[in-house]
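Now for the letters of each chain:
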Amino acid sequence: LTEPRAPGRYKPPATETNPALEDPTPDYMNLLGMVFSMCGLMLKLKWCAWIAVYCSFISFANSRSSEDTKQMMSSFMLSISAVVMSYLQNPQPMSPPW
Amino acid sequence: MKNLYLFIAVLFIPWSFSLAKYDEFEDGDDIMEYDDNDFAEFEDVSEDAVTESPQRVITTEDDEEEATVELEGQDENQEDFDDADTQEGDTESEPYDDEEFEGYEEKPDASHGKNKDPITIVNVPAHLQNSWESYYMEILMVTGLLAYIMNYIIGKNKNNRLAHAWFNTHRELLESNFALVGDDGTNKEATSTGKLNQENEHIYNLWCSGRVCCEGMLIQLKFLKRQDLLNVLARMMRPASDQVQIKVTMNDEDMDTYVFAVGTRKALVRLQKEMQDLSEFCSDKPKSGAKYGLPDSLAVLSEMGEVTEGMMDAKMIHFLTHYADKIDSVQFSDQFSGPKLMQEEGQLTKLPETKKTLLFTFNVPGSGNTSPKDMESLLPLMSMVIYCIDKAKKFRLNREGKQKADKNRARVEENFLKLTHVQRQEAAQSRREEKKRAEKERIMNEEDPEKQRRLEEAALRREQKKLEKKQMKMKQIKVKAM
């Protein structure tokens, strides 16, 4: 029953060739995170910077192992710097929208 | 590695906070010292002035209560000073006589009297107050982040435990059936790693190979995204379950030509829309499985009735009935090419490549709240998979069935060619035009007029020949038609 023939090699699943099947969440979140952190830095909006931190965390949690960590780290550092810069420029606490 | 980065980054946040807060106080101290020196010259002249001016600076940073009283006192002193100035002229260096300021001693009484006026409390900016309470939004945010990180770690570990529970139960069966269990494609030689290949925090792969009939089997454990808090919250609204997807690639000679699927009705309807082969070969709607002795929850999609008859033997029916709750879909296809590709018009010039495949999708019981025991309960399903592999090898269509199958495949190919006929024609046309243009350019670029003339003549002759050929063909067709 189990005549071992020359085993075939591992082939990664076809998601690489078919981009429609891939989960786009980490890419969207990465982009969103960068947009929010730029908004937070330029317009000095604290809540933007905080949302950027959240986006970069979500992108990290959903990432595929094939994605390199450099991009993740850069978006993460950008969002942290946005938060820090908005607080250095204006140390007042955030006011809730209500 | 990823965890290490996370922790370092999390430490940054409170550190930067403390930096931002203390900067203000340092600046305040500097200003005070500077003001002290500024007003030092007034020390002899009037003690009140000296004591009150530094206080004026302090009030902005101390409690609100002290602020107003000192301010008002200071204002009145200032007025008195101005009056004195206008009276005497040069005021800064001259010592003041008590006689000159008769109303001066009354000043404290006057200021006390004025205390009865309503006190307006100055609003000290929140960031200068010495309390953390005003930063409650920030604390909320940081708490949210910490909650996310906690959930990430917990979810990742749970998925990991579930994966390994599955693997430990199935390892024996797999190793007895396959020569190579576990290969991540990185080693030069095909050696069995005996481990799951973690693609993601929620997807684990296992490649098994080295068995008769099949080229290989790829098992994907597709867990729910427990590591992402957003996903966890979304699942509270819409429950979903973990899935185990098994894709067996058969050798060409080990499987006959047919397309067949069985599974839950919902899954089959979705697959019929999405999958290239099911949509092309199985035109009917999924039929209820009750006809073949299956529970009502399962339906059957098939190219020909004969295939269903052949597939539904006693053992298969037993498997499907017993584990109906765990089965999402089972698909046997010799024309498997994955889901329909969304392509723009004009790009589709070739049929997608097909492989003989058996595709199984199982739902892990527990609907999200899975435990390692649930993963272990999938073991009989793996036996079913092995049985199906052997069955697919043994099952052969009879002559009629084979003819029908061949006809179907020829029909599909013809349809495809018709669809792309227009595109292929256009492609051929454009190629011919390109050739002509290239020729013309060559002729134009020829500087020697003699050569030009010769090339032109050659081109003309070629065109004439072509025309003649066409005319001959038309004549032949006409003769044949007659």
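Since the structure is predicted, the reported quantities are computational estimates derived from the model, not experimental observations. (Residues numbered from 1 in each chain as written. Chains lettered and ligands numbered in written order. Predicted model: local features only at pLDDT ≥ 70, side-chain atom pairs only at ≥ 80, totals over all residues. Heavy atoms only, no water.)

### A few points about the overall build of chain B
Broken down by element type, chain B carries 14 helices and 10 strands. Here chain B, with 482 residues, has 38% of them falling under the buried criterion. The long-range fraction of contacts in chain B, counting pairs at least 24 apart against all pairs at least 6 apart in sequence, stands at 69%. If you sum the accessible surface of chain B, you get close to 29,900 Å²; carbon and sulfur atoms cover 53% of it. (Helix = DSSP H or I, 4+ residues; strand = E, 2+ residues; numbered from the N terminus. Buried < 20%, exposed > 50% of the residue type's maximum accessible area, 1.4 Å probe, protein only. Contact = heavy atoms within 4.5 Å. Areas by Shrake-Rupley, 256 points an atom, 1.4 Å probe, with all protein chains shown as cover.)

### Describing the overall build of chain A
Tallying secondary structure elements over chain A gives 3 helices and 0 strands in all. When the helices and strands of chain A are placed in sequence order, the string is α-α-α. Within the span of chain A, comprising 98 residues, buried residues form 40% of the whole. Sequence separation of 24 or more characterises 65% of the internal contacts of chain A that already satisfy a separation of 6 or more.

### Re the UniProt feature "transmembrane region" (unreviewed entry) in chain A
Under the feature "transmembrane region" (unreviewed entry), the UniProt entry names residues 31–60 of chain A. Taken as a whole, residues 31–60 of chain A contains 93% helix and 0% strand, while its terminal C-alpha atoms sit 12 Å from one another. (UniProt positions renumbered as here; feature names shortened; annotations may be inferred.)

### Some words on the nonpolar core
By size, the foremost hydrophobic cluster in this structure holds 61 residues, and its most contacted members are Trp166, Leu174, Met217, Ile246, Val248, Phe332 and Phe360 of chain B. By residue number, the principal contributor to this core is helix H12 (residues 379–394) of chain B, which donates 9 residues. Leaving out residues up to four positions away in the same chain, leucine 174 of chain B has contacts with Trp166, Val181, Leu206, Cys208, Met217, Ile219 and Met382 of chain B. By size, the runner-up hydrophobic cluster in this structure holds 22 residues, among which are Trp50, Phe57 and Tyr87 of chain A together with Met137 of chain B. (Core = buried A, V, L, I, M, F, W, Y, C linked by side-chain atoms within 4.5 Å.)

### Examining the packing of aromatic side chains
Residues and elements named next belong to chain B. Inspection of the entire model under this criterion finds 10 aromatic pairs over all chains. Measuring from ring centre to ring centre gives 5.3 Å for tyrosine 258 and phenylalanine 395, while their planes differ by 85°; the resulting arrangement is edge-to-face. One end of the pair, tyrosine 258, is in the loop between strand E5 (243–250) and strand E6 (259–264); the other, phenylalanine 395, is in the loop between H12 and helix H13 (399–445), and 137 residues separate them in sequence. Both residues of the pair, tyrosine 258 and phenylalanine 395, count as buried. With centroids separated by 6.1 Å and ring planes inclined at 40°, the aromatic side chains of phenylalanine 360 and phenylalanine 362 adopt a geometry described as tilted. For the residue pair phenylalanine 360 and phenylalanine 362, the accessibility class agrees, reading buried in each case. What links up through ring pairs into an aromatic cluster is the set Phe260, Phe332, Phe360 and Phe362. (Phe/Tyr/Trp six-rings, centres within 6.5 Å; stacked < 30°, edge-to-face > 60°.)

### Here we look at unusual backbone geometry
Its identity as a non-glycine residue notwithstanding, lysine 44 of chain A has a phi of 55°, on the positive side. Secondary-structure assignment places lysine 44 of chain A in the loop between helix H1 (25–43) and helix H2 (46–62).

### Description of a positive patch on the surface
All names here are of chain B. Taken together, Arg431, Arg432, Lys435, Lys436, Lys440, Arg461, Lys465, Lys466, Lys469, Lys470 and Lys473 make up a surface patch of like positive charges. Counting residues per element, the positive patch draws most heavily on helix H14 (residues 449–481), which supplies 6 residues. Structurally, lysine 435 can be placed in helix H13. You can call lysine 435 exposed: its relative accessible area is 63%. (Patch = residues over 30% accessible without salt bridge, like charges linked within 9 Å, V, L, I, M, F, W, Y side chains within 5 Å. Salt bridge = Lys/Arg side-chain N within 4 Å of Asp/Glu carboxyl O. Lys, Arg positive; Asp, Glu negative; His and termini not counted. Charge placed at Lys NZ, Arg CZ, Asp CG, Glu CD.)

### What about the packing of H13 of chain B against H14 of chain B?
Residue and element names in this part refer to chain B. Across the interface, H13 lies against H14 with an axial gap of 9 Å and an inter-helix angle of 155°. Looking at the two axes, H13 sits roughly antiparallel to H14. Touching Lys436, Glu439, Arg442, Ile443 and Met444 of H13 are Gln452, Leu455, Glu456, Ala459, Arg462 and Glu463, all from H14. Of the residues in the contact of H13 with H14, the class split is 4 nonpolar, 1 polar and 6 charged. (Axes fitted to C-alpha atoms, helices over the stretch in contact; angles between N-to-C directions. Parallel < 35°, antiparallel > 145°, perpendicular 65-115°, else oblique. Nonpolar A, V, L, I, M, F, W, Y, C, P; charged D, E, K, R; others polar.)

### Quick look at the pairing of strand E9 (residues 327–336) of chain B
For a regular strand, the rule is simple: side chains alternate between the two faces of the sheet. Residue and element names in this part refer to chain B. Within E9, 10 of the 10 residues are buried, which leaves it mostly tucked inside the rest of the structure. Sheet topology places E6 next to E9; 5 bridges connect them, and they run antiparallel. Looking at the pairing, glycine 263 lines up with serine 329 of E9. Where E9 and strand E10 (residues 355–363) come together, 7 bridges link them in antiparallel fashion. (Pairing = 2+ DSSP bridges.)

### Some remarks on a nonpolar patch on the surface
Residues and elements named next belong to chain A. Residues Met38, Met42 and Leu43 make up a contiguous nonpolar surface patch of roughly 320 Å² in combined accessible area. The topology assignment puts methionine 42 in helix H1. For methionine 42, a relative accessible area of 58% puts it in the exposed group.

### Let's talk about the side chain of aspartate 328 of chain B
Along the chain, aspartate 328 of chain B falls in strand E9. Excluding anything up to four places from it in sequence, aspartate 328 of chain B contacts Gln243, Gly263, Thr264, Ala267, Arg270, Thr361, Phe362 and Asn363 of chain B.

### Observations concerning the pattern of salt bridges
A complete count under the given rule lists 16 salt bridges over all chains for this structure. Put simply, aspartate 23 of chain A and lysine 225 of chain B hold a salt bridge, and the shortest N to O gap is 2.5 Å. Placement of aspartate 23 of chain A in the segment before H1 and of lysine 225 of chain B in the loop between strand E4 (214–222) and helix H6 (229–237) is noted, with the two residues assigned to different chains. With relative accessibility at 28%, the residue aspartate 23 of chain A sits in the partly exposed group. Residue classification places lysine 225 of chain B among the buried residues on the basis of a relative accessible area of 11%. Salt-bridge contacts for arginine 409 of chain B lead to glutamate 303 of chain B; the nearest nitrogen and oxygen are separated by 2.8 Å.

### Looking at the confidence of the model for chain B
Residue and element names in this part refer to chain B. In this model, chain B carries a mean pLDDT of 78, and residues with pLDDT of at least 70 account for 72%. Summarising per-element confidence for chain B, the mean pLDDT is lowest in helix H2 (residues 47–59) (44) and highest in helix H5 (residues 136–177) (92). Note on residues 22–34: pLDDT is under 50 here. Beyond four places in sequence and across chains, it has 8 contacts. Low pLDDT (under 50) marks residues 45–93, which in the prediction has 53 contacts with non-local residues, meaning those over four places away or in another chain. (pLDDT = per-residue confidence, 0-100.)

### Things to note about the pairing of E5 of chain B
Residue and element names in this part refer to chain B. The pairing of E4 with E5 spans 8 bridges and is antiparallel. Within the sheet, the bridge partner assigned to cysteine 214 lies in E5 and is methionine 250. Taken together, the 7 bridges between E5 and E10 define a ladder with antiparallel strand orientation. Pairing of valine 248 across the sheet is with leucine 358, part of E10.

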